[in-house]
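Spelled out, the chains give:
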Amino acid sequence: MNWTRKDLLDIESLSSDEIKTFLNCTRKFKQVCLSPRKHVPFLQGYTIVNFFVEPSTRTRTSFELAGKHLGATVVNLTANMSSLQKGETLKDTAKNLEALQADVLIVRHSASGVPLFISERVRSSVINAGDGAHAHPTQAFLDAFTILEKRGSFDGVKVTILGDILFSRVARSDIWLLTKMGAHVTLCGPSTLVPKNFEKMGCRVVYNVEEALEDADFINLLRIQHERQKKSAFPSLREYTALFGLTKERVELMKSDAIIMHPGPINRGVEIDSEIADGERSVVLQEVTNGLAVRMAALYLTTGNNPDELDARLAEYLPQIVSK
Ligand code: CP
C-alpha cells in the first residue's frame, strides 16, 4: 500500500492499513539502525527542522539522527533560542522556516493542536513530536513496534497502561493504535488521573493495580506529568508510589513472561523501582532504539517516498553496509 499523507499529526486519523504500512517500513529501517553503517541517503538534498518548544531527549535526538542517517540536512530550533522569545508568532515562525525551504518541520509543543495549526499554513510536511496531552504518534508507533517484535501480532495481546493517563499524549496515541490493531487495553491509576470516560475509546478502566497487572502481557508505565497539572491529582508522590508504583512485589503478581515498558523519562522510585526499570523484563532501552527506526520511517513516508520500493532501495545499501 502506498502512503499519501504529507503530515503525521496523530494516530486517530490513520487506517489500520496505514499503520501496517508504517510498521512494515519501521521493521526495514530497524535493520539499518542495527547495521554498522547507517547511511541510506534517500533524503539527500532535503532540509529538516526540529522545532521543539518543549524539552525532549529521546524524540528530538532520534529525529535528528534519523534525518542524518537518511542524508538530509537537519537543524534544531528550540523555544528559548528562537525569536518566539522576542514576540514572534508561531505562524510567522513556521512561515519563516518554510521560506528557508524546510521540507519537514518536526514540531513539539505544550499546546494541543499546534502541529495541525502549522500544517494548515505551510507546504512543508509536519510531523507531530508531541502536542500537549493530545498526541505523540511516533511514540505510539515505537511502542506498537516493540510489542510486535516481542509477540509477532497484536491479536488478543493485553496491554495495561498504568499511571497518569489524563495528561498523557502517549496514552491517547497508544490507545488509538493498539485498539485499532486488535489489542486489549486496560488503563489503571488514581481515579483523578484515569477518568471512566476513557472506556469510550474501547479500553477497560480499573483502579486496583493488582487487577490491572494480573493478566497483562505488557505493562506500559507512565510518569506523572507535573508540567500539565495545575494542582496535584493525589495527596503525595509517596502515596502514589505506595498505591500504583511498580515494585518487585507487584512484578511477582504479573504473568511470568509479561514485559515492562516505559516511554521515558523515567522517575525512578516513583512509578517504577530502579531494579525493575533495569531488570531483564524491561524493554525500555529497546523502545528507544526502535524510536530511531520509527522516525526514519516517518521521514521516509511523509516526504513522499514509496514504501513498496523500500526493499529494493535498501538492497542497494545494506549488502555494502554489512560487508564493511
Ligand atoms: N518519550 C519521549 O517523548 O521522551 P522525550 O520527552 O525525551 O522526547
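Reading guide: rules and limits
- Residues numbered from 1 in each chain as written.
- Predicted model: local features only at pLDDT ≥ 70, side-chain atom pairs only at ≥ 80, totals over all residues.
- Heavy atoms only, no water.
- Near = heavy atom within 4 Å.
- Polar contact = N/O pair within 3.5 Å; in protein donor to acceptor, adjacent residues only side chain to side chain.
- Areas by Shrake-Rupley, 256 points an atom, 1.4 Å probe, with all protein chains shown as cover.
- Nonpolar A, V, L, I, M, F, W, Y, C, P; charged D, E, K, R; others polar.
- Domains from an automatic or database assignment.
- Buried < 20%, exposed > 50% of the residue type's maximum accessible area, 1.4 Å probe, protein only.
- Helix = DSSP H or I, 4+ residues; strand = E, 2+ residues; numbered from the N terminus.
- Arc of directions from axis to C-beta.
- Contact = heavy atoms within 4.5 Å.
- Phe/Tyr/Trp six-rings, centres within 6.5 Å; stacked < 30°, edge-to-face > 60°.
- Buried area = accessible area lost by both parts, 1.4 Å probe.
- Salt bridge = Lys/Arg side-chain N within 4 Å of Asp/Glu carboxyl O.

Draft legend 1. Geometry of the site of the ligand. Inspection of the region around the ligand gives Ser56, Thr57, Arg58, Thr59, Arg108, His136, Gln139, Pro263 and Gly264 as its neighbouring residues. One of the side-chain nitrogen or oxygen atoms of serine 56 is found 2.6 Å away from an oxygen atom of the ligand. A distance of 3.1 Å separates a nitrogen atom of the ligand from a polar backbone atom of glycine 264. Coverage of the ligand by the protein chains reaches 91% of its 250 Å² of free accessible surface. A breakdown of the residues in the shell around the ligand according to their chemical character gives one nonpolar, six polar and two charged. Summarising the domain contributions, the shell around the ligand has at least three residues from each of domain 1 (16-136 + 289-317) and domain 2 (138-286).

Draft legend 2. Region of the structure containing helix α8 (residues 237-244). Along α8, the positions that sit buried rather than exposed are Tyr240, Thr241 and Phe244. End-on, the buried residues of α8 take up no more than an arc of 100°, which puts them together on one face. Facing away from the buried side of α8 by over 90 degrees, the exposed positions are Arg238 and Ala242. Looking at the packing, one finds that the buried side of α8 touches β5 (158-162), β6 (184-188), α7 (209-214) and α9 (248-251).

Draft legend 3. A look at the packing of aromatic side chains. Counting across every chain of the model gives six aromatic pairs. Arranged with centres 5.8 Å apart and planes meeting at 70°, the rings of phenylalanine 42 and tyrosine 317 form a pair that is edge-to-face. One end of the pair, phenylalanine 42, is in the loop between α1 (16-34) and β1 (47-52); the other, tyrosine 317, is in helix α12 (residues 310-323), and 275 residues separate them in sequence. With relative accessibility at 24%, the residue tyrosine 317 sits in the partly exposed group. Each residue in the set Phe29, Phe42, Tyr300 and Tyr317 is aromatic and connected to the rest through ring pairs, giving one cluster.

Draft legend 4. Main features of the side chain of asparagine 50. Its location among the elements puts asparagine 50 in strand β1. Classification of asparagine 50 as buried rests on a relative accessible area of 0%. Residue contacts for asparagine 50: discarding those within four places in its chain leaves Arg60, Phe63, Glu64, Val74, Val75, Asn76, Leu77 and Ile106.

Draft legend 5. The domain arrangement of the protein chain, seen in detail. Looking at the assigned domains, one finds that the protein chain contains domain 1 (16-136 + 289-317) and domain 2 (138-286). Contact with domain 1, which involves 28 residues of that partner, is made by 27 residues of domain 2. Buried surface at the junction of domain 1 and domain 2, both sides included, amounts to about 2,100 Å², of which 62% is carbon and sulfur. Inspection of the region where domain 1 meets domain 2 yields two salt bridges. With a closest N to O distance of 3.0 Å, glutamate 54 and arginine 169 form a salt bridge. Applying the counting rule to domain 1 against domain 2 returns 14 residue pairs in polar contact (both at pLDDT 80 or more). Broken down by secondary-structure element, the contributors of at least two residues to the side of domain 1 that touches domain 2 are α1, α2 (58-69), β3 (104-109), β4 (125-131) and α11 (284-302). The class makeup of the residues in the side of domain 1 that touches domain 2 is nine nonpolar, 11 polar and eight charged.

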